[in-house]
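As a plain string of letters, each chain reads:
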Amino acid sequence: MVDFWVERFNRYVIETIGQQVGSPEDRLLTLTRLVKREGLDLHEITFRAWAAQDSDIAAKVREVDHGRYAFIRSLFEEMGFAGEELEMRTRIWLIVASARCTMDFPVSEDMPGDIFEQSHTFLVRKPM
């Protein structure tokens, strides 16, 4: 089961987005939409809870985390971010992508639309 998760929910996604042409912002947005559309974050909490109990699963989850981190970081780096900006954007994107389906945010008139896509817009914006 964990091998299927590693392959389908991680390697496949990174390879698919990695092969796309276009700006890094567009590729990251495509990834953001893919995660949401296909529910690729639905099993995150399950595997992380399992990893807390099983060292073999924990090793696989770490492998996934490191692969995701490297890929997302490369996109933000390609956008021109460096240093602390690069690290924080990478980590925040990964946290939002992993936890989006585990939290029930109230709908707010101040935040119309999808929080996942809004976070994308926020994270790719260059500081003033």
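A brief report on the enclosed structure follows. (Residues numbered from 1 in each chain as written. Predicted model: local features only at pLDDT ≥ 70, side-chain atom pairs only at ≥ 80, totals over all residues. Heavy atoms only, no water.)

**Points about the nonpolar core**
No. 1: By size, the foremost hydrophobic cluster in this structure holds 30 residues, and its most contacted members are Trp5, Leu28, Leu31, Ile72, Phe76, Met79 and Trp93.
No. 2: Contributions of two or more residues to this core are made by helix H1 (2–18), helix H2 (24–37), helix H3 (44–51), helix H4 (55–78), helix H5 (83–99) and helix H6 (115–124).
No. 3: Setting aside its immediate chain neighbours within four residues, Phe76 contacts Leu28, Phe81, Leu86, Arg89, Thr90, Trp93, Leu123 and Val124. (Core = buried A, V, L, I, M, F, W, Y, C linked by side-chain atoms within 4.5 Å. Buried < 20%, exposed > 50% of the residue type's maximum accessible area, 1.4 Å probe, protein only. Helix = DSSP H or I, 4+ residues; strand = E, 2+ residues; numbered from the N terminus. Contact = heavy atoms within 4.5 Å.)

**A short note on the side chain of Arg89**
No. 1: Take Arg89: it is sitting in helix H5.
No. 2: Residue classification places Arg89 among the buried positions, given a relative accessible area of 11%.
No. 3: With residues near it in sequence (within four places) discarded, Arg89 still touches Phe76, Phe81, Phe122, Leu123, Val124, Arg125 and Pro127.

**Some points on the pattern of salt bridges**
Any two side chains of opposite charge can pair if their charged atoms end up close together.
No. 1: Summed over all chains, the structure comprises 13 salt bridges.
No. 2: When the shortest N-O distance is used, the salt bridge between Arg8 and Glu38 registers 2.7 Å. Pair noted here: Arg8 is in helix H1 and Glu38 is in the loop between H2 and H3, with a separation of 30 residues, a long-range link.
No. 3: Notably, a salt bridge pairs Glu44 with Arg68, separated by 2.6 Å at the nearest N-O pair. (Salt bridge = Lys/Arg side-chain N within 4 Å of Asp/Glu carboxyl O.)

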